[in-house]
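Each chain, letter by letter, is given below.
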Amino acid sequence: MPDEDLVFRALADPTRRFLLDLLYARDGRTLTELESEVDMSRFGVMKHLKLLEEADLVVSRKEGREKRHFLNPIPIRQIHDRWIDKYTAPRASALLGLKAELEAGTSAQARETEESP
């Protein structure tokens, strides 16, 4: 598993998250393609990509004269499973149960109101 601190550090920056979103929308982009989408220098984008690669969130591959960048979603999923899912699952289940109870109560009240003269 990649170092969680590197993943959190990489995800902490909005520009890096935007680059990940771009790769999610269309994987295998070149540096030039990514650079055209952000308002910063080529070297700035390269620094962000380097941090994303160190966190194993982006994998780069040379294809001829170009270097293509690909999203690796596995570290994000591992963070989700470790830090998010275990905390949200019980609460989400409880909220869904409460929602069902409230909706059932609202339906019963609506029927009673319709049946009253």
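Look a little higher up for the structure.
Here the structure is a predicted model, which means the values were calculated and not measured.

A. Layout of the overall build of the protein. Helix and strand counts for the protein stand at 5 helices and 3 strands. Beginning at the N terminus, the succession of helices and strands in the protein can be written as α-α-β-α-α-β-β-α. Looking at the protein as a whole, 25% of its 117 residues qualify as buried. Of the contacts formed within the protein by residues at least 6 apart in sequence, a portion of 52% connects residues at least 24 apart. About 8400 Å² of surface is accessible on the protein, with carbon and sulfur atoms providing 56% of the total.

B. How the structure looks around a nonpolar patch on the surface. Where nonpolar side chains cluster on the molecular surface, the patch consists of Phe8, Trp83, Ile84 and Tyr87 and spans about 380 Å² of accessible area. Top contributing element to the nonpolar patch by residue count: helix H5 (residues 74-115), with 3 residues. If you trace the backbone, Tyr87 turns up in helix H5.

C. Summary view of the pairing of strand E3 (residues 66-71). Pairing geometry for strand E1 (residues 29-30) and E3, over 2 bridges, is antiparallel. Looking across to E3, one finds that Arg29 is bridged to His69. Direction of pairing for strand E2 (residues 58-63) relative to E3: antiparallel, over a ladder of 6 bridges. In the sheet register, Val58 faces E3, and the bridge partner there is Leu71. Between E2 and E3, which pair antiparallel one after the other, the connecting turn spans 2 residues, and Gly64 there sits at a positive phi close to 65°.

D. Broad picture of the environment of Asn72. In this structure, Asn72 sits in the loop between E3 and H5. A relative accessible area of 13% means that Asn72 is categorised as buried. Sequence separation between Asn72 and Val58 is 14 residues, and the spatial gap between their C-alpha atoms is 5.3 Å. When near neighbours in sequence (up to four residues on either side) are disregarded, Asn72 contacts Asp56, Leu57, Val58 and Val59. Of the polar contacts made by the side chain of Asn72, one reaches the backbone oxygen of Asp56; its length is 2.9 Å.

E. Seen up close, the packing of aromatic side chains. Scanning the entire structure with this criterion turns up 0 aromatic pairs. Seen from the ring of Trp83, Arg82 lies directly overhead, with NZ or CZ sitting 4.0 Å from the centre.

F. Quick look at helix H2 (residues 14-25). Taking 1.5 Å as the rise per residue, H2 with 12 residues should run 16 Å; its terminal C-alpha atoms sit 16 Å apart, in good agreement. Taken together, the buried positions of H2 are Arg16, Leu19, Leu20, Leu22 and Leu23. Viewed end-on, H2 has its buried residues packed into an arc of 155°, placing them on one side of the element. Residues of H2 that are exposed and angled more than 90 degrees away from the buried face: Pro14, Asp21, Tyr24 and Ala25. Of the residues flanking the start of H2, the one acting as N-cap is Asp13, its side-chain oxygen 2.9 Å from the backbone nitrogen of Thr15.

About the cut-offs
Per-chain numbering applies: the sequence of each chain, read as written, is numbered from 1 onward. Totals for whole chains, interfaces and linings use all residues, but because this is a predicted model, local features are given only for residues with pLDDT of at least 70 and pairs of side-chain atoms are given and counted only at 80 or more. Each side-chain value is derived from all of the structure's non-hydrogen atoms; neither hydrogens nor water enter the calculation. By the criteria applied, helices consist of DSSP H or I runs no shorter than four residues and strands consist of E runs no shorter than two, each listed in order from the N terminus. When a residue's accessible area, from a 1.4 Å probe over protein chains only, is under 20% of the maximum for its type it is buried; when over 50% it is exposed; and in between it is partly exposed. Residues count as neighbours in contact if any of their non-hydrogen atoms are within 4.5 Å of one another. The method behind every accessible area is Shrake-Rupley, applied with a 1.4 Å probe, and residues are considered shielded solely by the protein chains displayed. Distance thresholds for patches are 9 Å for like charges and 5 Å for nonpolar side chains (Val, Leu, Ile, Met, Phe, Trp, Tyr), applied to residues having over 30% relative accessible area and no salt bridge. Salt bridges are counted wherever a side-chain nitrogen of Lys or Arg sits within 4 Å of a carboxyl oxygen of Asp or Glu. Note on pairing: two strands pair once DSSP finds at least 2 bridges between them. For the purposes of these results, a polar contact is taken to be a pair of N or O atoms within 3.5 Å, where, inside protein, one atom must be able to donate a hydrogen and its partner to accept one; residues adjacent in sequence count only when each atom of the pair is a side-chain atom. The pairing test for Phe, Tyr and Trp rings, Trp by its six-membered ring, is centres within 6.5 Å, and the orientation test on the planes gives stacked under 30 degrees, edge-to-face over 60, and tilted for anything in between. We call a charge positioned over a ring when the NZ of a Lys or the CZ of an Arg lies within 6 Å of the ring centre and within 35 degrees of the ring normal. One fewer than the residue count of a helix, multiplied by 1.5 Å, yields its expected span. For this quantity, the arc is that covered by the directions from the helix axis to the C-beta atoms.

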